[in-house]
Amino acid sequence: EVQLVESGGGLVQPGGSLTISCSASGFTFSNYAMHWVRQAPGWGLEYVSNINNNGYTTYYTDSVKGRFTISRDNSKNTLYLQMSSLRPEDTALFYCMKDVGSVAGWDFDYWGQGTLVTVSS
Amino acid sequence: DVVMTQSPLSLPVTLGQPASISCRSSQSLVYSDGHIYLNWFQQRPGQSPRRLIYKVSNRDSGVPDRFSGSGSGTDFTLKISRVEAEDVGVYYCMQGTHWPFTFGPGTKVDIK
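Quick caveat, the model's predicted, so the values are computed rather than measured.

S.K.: Would you mind going over the state of the cysteines with me for this structure?
M.R.: Between two cysteines, a covalent bond joining their sulfur atoms is known as a disulfide. Evaluated as defined, the whole model comprises 2 disulfides over all chains. Disulfide partner of A:Cys22: A:Cys96, at an S-S distance of 2.0 Å. One quick way to see it: the torsion about the S-S bond of A:Cys22 and A:Cys96 is about 45 degrees, and its sign makes the bridge right-handed. With A:Cys22 in strand E3 (residues 18-25) and A:Cys96 in strand E9 (residues 92-99), the pair connects residues that are 74 residues apart, well separated along the chain. As far as the burial class goes, A:Cys22 and A:Cys96 line up, both buried. One disulfide bridge connects B:Cys23 with B:Cys93, the sulfur atoms lying 2.1 Å from each other. Between B:Cys23 and B:Cys93 the sulfur-sulfur dihedral comes to about 80 degrees; the bridge is accordingly right-handed. Residue B:Cys23 is found in strand E3 (residues 19-25), and its partner B:Cys93 is found in strand E9 (residues 89-95); the two are separated by 70 residues along the sequence. Under the relative-accessibility criterion, B:Cys93 is labelled buried at 0%.

S.K.: Just checking my understanding: could you explain the interface of chain B and chain A for this structure?
M.R.: A common measure of how large an interface is: the accessible area buried when the components associate. Taken together, the contacts link 17 residues of chain B with 19 residues of chain A. Between chain B and chain A, a total of about 1500 Å² is buried, with carbon and sulfur atoms accounting for 65% of that surface. Looking at the side of chain B facing chain A, the largest losses of area belong to B:Trp99, B:Phe101 and B:Phe103, adding up to 34% of the total buried there. Counting across the interface, chain B meets chain A through 1 salt bridge. Residue B:Arg51 pairs with A:Asp107 through a salt bridge whose shortest N-O separation is 2.4 Å. The tally of links from chain B across to chain A stands at 6 residue pairs in polar contact (both at pLDDT 80 or more). Mapped onto the side of chain B that touches chain A, the elements with two or more residues apiece are strand E4 (38-43), strand E5 (50-54) and E9 of chain B. The biggest single contributor to the side of chain B that touches chain A is E4(B), with 3 residues. In terms of residue class, the side of chain B that touches chain A is made up of 10 nonpolar, 5 polar and 2 charged.

Criteria and thresholds
- Residues numbered from 1 in each chain as written.
- Chains lettered and ligands numbered in written order.
- Predicted model: local features only at pLDDT ≥ 70, side-chain atom pairs only at ≥ 80, totals over all residues.
- Heavy atoms only, no water.
- Disulfide = S-S within 2.5 Å.
- Helix = DSSP H or I, 4+ residues; strand = E, 2+ residues; numbered from the N terminus.
- Buried < 20%, exposed > 50% of the residue type's maximum accessible area, 1.4 Å probe, protein only.
- Contact = heavy atoms within 4.5 Å.
- Buried area = accessible area lost by both parts, 1.4 Å probe.
- Salt bridge = Lys/Arg side-chain N within 4 Å of Asp/Glu carboxyl O.
- Polar contact = N/O pair within 3.5 Å; in protein donor to acceptor, adjacent residues only side chain to side chain.
- Nonpolar A, V, L, I, M, F, W, Y, C, P; charged D, E, K, R; others polar.

Written out as structure tokens, the structure reads:
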């Protein structure tokens with residue numbers, strides 16, 4: 001059974017940094033691209049970032065470019081999102097998702113349960 | 001970025017009755033390969049989203065056949081033929097044709 005478990009969320013001050021993780025199981029992690037999507041409390045969904053299976057190709061939406069870094073450790077079956085210069089508008093539930101292929105595209109078939117990041121003083 | 005709009009944003013429905021949600025994109029979602037990458041997601045209260053429909057009209061595995069998708073170009077529709085209690089939640093369309101992928105604002109479906 002495919003499982004994606006996010007962790008590492010919490011309260012951080014504006015301008016601060018935080019790294020969240022997504023632990024994957026039930027599939028061969030190194031074969032698949034991965035994605036991050038976020039959902040601000042009471043709001044809709046925003047696509048954030050993706051990474052190909054080998055970690056060499058990444059993508060960021062403009063609002064996080066230069067502040068967030070996506071990475072993966074295939075030996076640990078774990079996806080990461082390093083976030084810096086955090087702003088109150090980054091407050092959201094962050095979901096990781098598994099792609100159906102090795103190159104990130106439109107087709108993601110599993111979602112985690114999310115980890116909440118709150119940016120506030 | 002491609003802007004996705006949905007209507008209505010709130011949809012009270014009677015059990016057993018049909019429901020329809022419209023989704024429009026600010027530009028054509030036809031990709032260079034001829035496919036349209038328009039997906040529909042359902043988010044039940046307290047749960048993560050799950051995909052119902054991919055590429056406009058293809059139902060995901062395990063999705064009841066009362067859900068159907070249609071559309072072309074910039075106009076798309078999700079229909080529920082007979083609403084059941086388990087269908088309560090928020091429905092999002094998402095385009096995967098243009099980067100960044102973008103979602104509609106969501107349509108909240110609840111029971112009258």
